[in-house]
Every structure is written in structure tokens, then in C-alpha cells.
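Geometric and topological summary
Letter by letter, the chains look like this.
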Amino acid sequence: GAGRATWSGGLQTALSLAGPGGWELENIDFACAGAELCGPDVIVLHIATTAPGGHLVLRNVSVSGGGLMGFKFLPNHDFKDLLVDRCDFHHSNAGAQIGHGDVAARYIRNLLVTDSKFHDNGRSVSGVDIAGLGLEVVNVSGGRITRNLAWDNGVNSPAGGHNAILVEYSDGLLIEGNEVWGTRLSGDG
């Protein structure tokens, strides 16, 4: 069929996947009740790896309304080929987090985040460890973050964060042609 699907989580996670990879999510709106209403542990779209693997595509996906995070990808093993293309991460406590873990490990290889939007992320209640991030990328080796827009992140957030695009503990990652504006409070842009 044509058009978009909507996947609603209400006050819970809309979709949680775990496995070695091989996922393609396209033309879907993932939504929860909102950063102010969901508990601080609600992630709208949560993906974790269970073994070494690869291949994750998010294309033309909208993610909104998470109490903790809109999109969170947590590889615990080597993972190759992650594409985020023409997506919209908005109105969550934080927009998207790709990667985590040991600062010496580079679990994700070959990342491309392109032509996506990260905006209006942040919440006005306390008790959240990090808030107001548009995009956070951690422990990536090789790839590009290019032609993205990030605006109005960190609005009214009392917790740390407040970055439009934050990259940590990564190497071989080219960041170019992104536009950032309106980051609020303590962020560095």
C-alpha cells in the first residue's frame, strides 16, 4: 500500500527490537504520549544488539514523544552499516542516541546520518539524567553526519545535555554541512 503507518506506544515504548541486525524501518510515524507525560524511562523506538551483526536502515521515519529518548540504538557487539535518512526526531526528552559503552570500544562501523531533523527536544520536569539533546553519537568508527538540521533543543530542560549534535569517543567520523540554531540553556551547539 501507499502512505505512512503510525505506531503508537501511548505511555509505553512504541517498538523495541533486539537481535543481530537486518532491520529496515521506512515510512513510519512512531509516537508516544509526550516528554511531559511519559515516565523518564520511556523510549519511543529502542533497538539493541544481541550478537555481532549489522544493517539497520531508518528511512523517512518520524519519532516523537519519548520521556527519556525518541530513538536509542544500543549495540553491545560490533555492528556495521547504520543508515538514518530523511528522519524527524522531535518533541521527546532527547531526540536520538546512537551508541554507548566502553570508551575504548568502537561498536558501530559505517554510520550515515543524513538529511534528517532533530528539533524541539527537552522537557521541563526534573529527575532526568540528560535532556535536550538533538542527536548524540557515541563510540562510532567511520561514517558521516551530513546535511542535517537541528533546532530548538534543550528548551526548558533542567538536566544536562542541551546539545544540538553531540559526538563523543568516535574516530573517522566526518561531520559536515549541518545547520544548528536555537539550542537553549547550557548547550554548546
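Here the structure is a predicted model, which is why all the values come from computation and not from measurement.

1. Thoughts on the pattern of salt bridges
This model, assessed by the stated rule, comprises 6 salt bridges. A salt bridge links R86 to D85; the shortest N-O distance between them is 3.2 Å. Judged by relative accessible area, which is 44%, R86 ranks as partly exposed. Accessibility expressed as a relative area gives 10% for D85, which makes it buried. The partner of D171 in a salt bridge is R106, and the shortest N-O contact between them spans 3.1 Å. Separated by 65 residues along the polypeptide, D171 in strand 18 (residues 171–176) and R106 in the loop between strand 9 (96–98) and strand 10 (108–114) bring together distant segments of the chain. The exposure class of D171 is partly exposed, given its relative accessible area of 33%. Given the relative accessible area of 18%, R106 is considered buried. In the salt-bridge network here, residues are joined through shared partners; they are E26, R59, D85 and R86.

Rules behind the numbers
- Residues numbered from 1 in each chain as written.
- Predicted model: local features only at pLDDT ≥ 70, side-chain atom pairs only at ≥ 80, totals over all residues.
- Heavy atoms only, no water.
- Salt bridge = Lys/Arg side-chain N within 4 Å of Asp/Glu carboxyl O.
- Buried < 20%, exposed > 50% of the residue type's maximum accessible area, 1.4 Å probe, protein only.
- Helix = DSSP H or I, 4+ residues; strand = E, 2+ residues; numbered from the N terminus.

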